[in-house]
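# Per-entry structural report
The residues making up each chain are set out below.
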Amino acid sequence: MIERVNAIGITAQQGPYAAVFAHKDIAFKFASWISAKFELYVIKD
């Protein structure tokens, strides 16, 4: 998926311990898109 959309600053792992990691700037922007409450949660942590 990452290669298909040419994402920069995002990594993903598959398998039983799958995870997606993003640069903090990308994470903040994504959190603000979800909701203001979630954005504040991300910023505090």
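Residues numbered from 1 in each chain as written. Predicted model: local features only at pLDDT ≥ 70, side-chain atom pairs only at ≥ 80, totals over all residues. Heavy atoms only, no water.

### What to know about a nonpolar patch on the surface
Taken together, the side chains of Phe-30, Trp-33, Ile-34, Phe-38 and Tyr-41 present a nonpolar region at the surface, about 610 Å² in accessible area. Taken together, the elements giving at least two residues each to the nonpolar patch come down to helix H2 (24-34) and helix H3 (36-44). When residues of the nonpolar patch are assigned to their parent elements, the largest contribution, three residues, is made by H2. Residue position: Phe-30 is located in helix H2. (Patch = residues over 30% accessible without salt bridge, like charges linked within 9 Å, V, L, I, M, F, W, Y side chains within 5 Å. Areas by Shrake-Rupley, 256 points an atom, 1.4 Å probe, with all protein chains shown as cover. Salt bridge = Lys/Arg side-chain N within 4 Å of Asp/Glu carboxyl O. Helix = DSSP H or I, 4+ residues; strand = E, 2+ residues; numbered from the N terminus.)

### Here's the deal with the packing of H2 against H3
Contact geometry of H2 with H3 gives a least axis separation of 6 Å together with a crossing angle of 150°. Taken together, the axes of H2 and H3 lie roughly antiparallel to each other. Counted together, Phe-28, Ala-31, Ser-32 and Ile-34 of H2 and Phe-38, Glu-39, Val-42 and Ile-43 of H3 form the full contact between these two elements. Residues of the contact of H2 with H3, tallied by class, amount to six nonpolar, one polar and one charged. (Axes fitted to C-alpha atoms, helices over the stretch in contact; angles between N-to-C directions. Parallel < 35°, antiparallel > 145°, perpendicular 65-115°, else oblique. Contact = heavy atoms within 4.5 Å. Nonpolar A, V, L, I, M, F, W, Y, C, P; charged D, E, K, R; others polar.)

### Section: the environment of Ile-10
Structurally, the position occupied by Ile-10 is in strand S1 (residues 10-13). Sequence spacing of Ile-10 and His-23 is 13 residues, and the spatial spacing of their C-alpha atoms is 6.6 Å.

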